[in-house]
Amino acid sequence: MKTLKVMLAWLAAGLLLIQFIRINVPPAPKAKPGDEIQAPPKVMAVLKRSCYDCHSNHTKWPWYSHVAPVSYEVRMHVKEGRKWLNFSIWNQYDETKKQKLYRSIAKAIDWKMPPPDYMWIHKNARLSPKDRKMIKAWAQSHIRSTE
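In this text the structure is predicted, and so the values were computed from the model without any measurement.

1. Things to note about the overall build of the protein chain
Piece 1. Helices and strands together make up the secondary structure of the protein chain, namely six helices and zero strands.
Piece 2. Shown N-terminal to C-terminal, the secondary structure of the protein chain runs as helices and strands in the order α-α-α-α-α-α.
Piece 3. A burial count over the protein chain gives 35% of its 147 residues as buried.
Piece 4. Sequence separation of at least 24 residues holds for 71% of the intrachain contacts in the protein chain that already meet a minimum separation of 6.

Below, the structure is given as structure tokens:
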């Protein structure tokens, strides 16, 4: 019993100490009012519900995003998500980058996004087959032929 108490004390101390180790998420890039992506209202509603936490400047930081070790995963998702695609600065991207992103969105929406670990807690972020089809069709409608 004493060994268990010592182990729990060490675990508690470790959890307390890791609270001081932070993953730095760079500040959201500067965006002007016209920089945000424009899409039909239904598409925007789905993007805001399911994608914006990681892929925009409008991240909602829940309480657990400030508690290690969970905060490490949350902050890395946001950092990497914004790096890959940020809907808040869409109009700062050149046309080549936009085309690449439209293609990526059309592919990723079928199997990769939103990530399963995000949806464990954010049940409202789940995409129905209808949502996926709508986002894919919207993205594909913007893809220009390379010929």
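Anyway, onward from the coordinates.
2. Observations concerning helix α6 (residues 129–141)
Piece 1. For α6, spanning 13 residues, the distance from its first C-alpha to its last is 18 Å, which sits close to the expected 18 Å at 1.5 Å a residue.
Piece 2. The set of residues buried in α6 consists of Asp131, Arg132, Ile135, Trp138 and Ala139. The arc that holds the buried residues of α6, viewed along the axis, is 135°, so those residues lie on one side. Opposite the buried face of α6, at more than 90 degrees from it, the exposed residues are Pro129, Lys130, Lys133 and Ser141.
Piece 3. If you follow the buried residues of α6, they end up packed against α2 (41–50) and α4 (95–111).

3. With respect to the nonpolar core
Piece 1. Of all hydrophobic cores here, the largest spans 22 residues; its most connected members are Leu47, Phe87, Trp90 and Trp138.
Piece 2. Among the elements of the structure, α2, α4 and α6 are those that each provide at least two residues to this core.
Piece 3. Examining the composition of this core, we find that five residues originate from one element, α4, more than from any other.
Piece 4. In this structure, leucine 47 is in contact with Tyr52, Phe87, Ile135 and Trp138, ignoring residues within four places of it in sequence.

4. Things to note about the packing of aromatic side chains
Each aromatic ring pair is summarised here by two numbers: the centre-to-centre distance and the angle between the ring planes.
Piece 1. Summed over all chains, the structure comprises five aromatic pairs.
Piece 2. For the ring pair tryptophan 90 and tyrosine 93, a centre distance of 5.9 Å and an interplane angle of 80° mean the geometry is edge-to-face. Tyrosine 93 carries the same exposure label as tryptophan 90, and that label is buried.
Piece 3. Residue placement shows lysine 97 over the ring face of tyrosine 93; its charged tip is 5.3 Å from the ring centre.

Definitions and limits used
- Residues numbered from 1 in each chain as written.
- Predicted model: local features only at pLDDT ≥ 70, side-chain atom pairs only at ≥ 80, totals over all residues.
- Heavy atoms only, no water.
- Helix = DSSP H or I, 4+ residues; strand = E, 2+ residues; numbered from the N terminus.
- Buried < 20%, exposed > 50% of the residue type's maximum accessible area, 1.4 Å probe, protein only.
- Contact = heavy atoms within 4.5 Å.
- Expected span 1.5 Å × (residues − 1).
- Arc of directions from axis to C-beta.
- Core = buried A, V, L, I, M, F, W, Y, C linked by side-chain atoms within 4.5 Å.
- Phe/Tyr/Trp six-rings, centres within 6.5 Å; stacked < 30°, edge-to-face > 60°.
- Lys NZ or Arg CZ within 6 Å of the ring centre and 35° of its normal.

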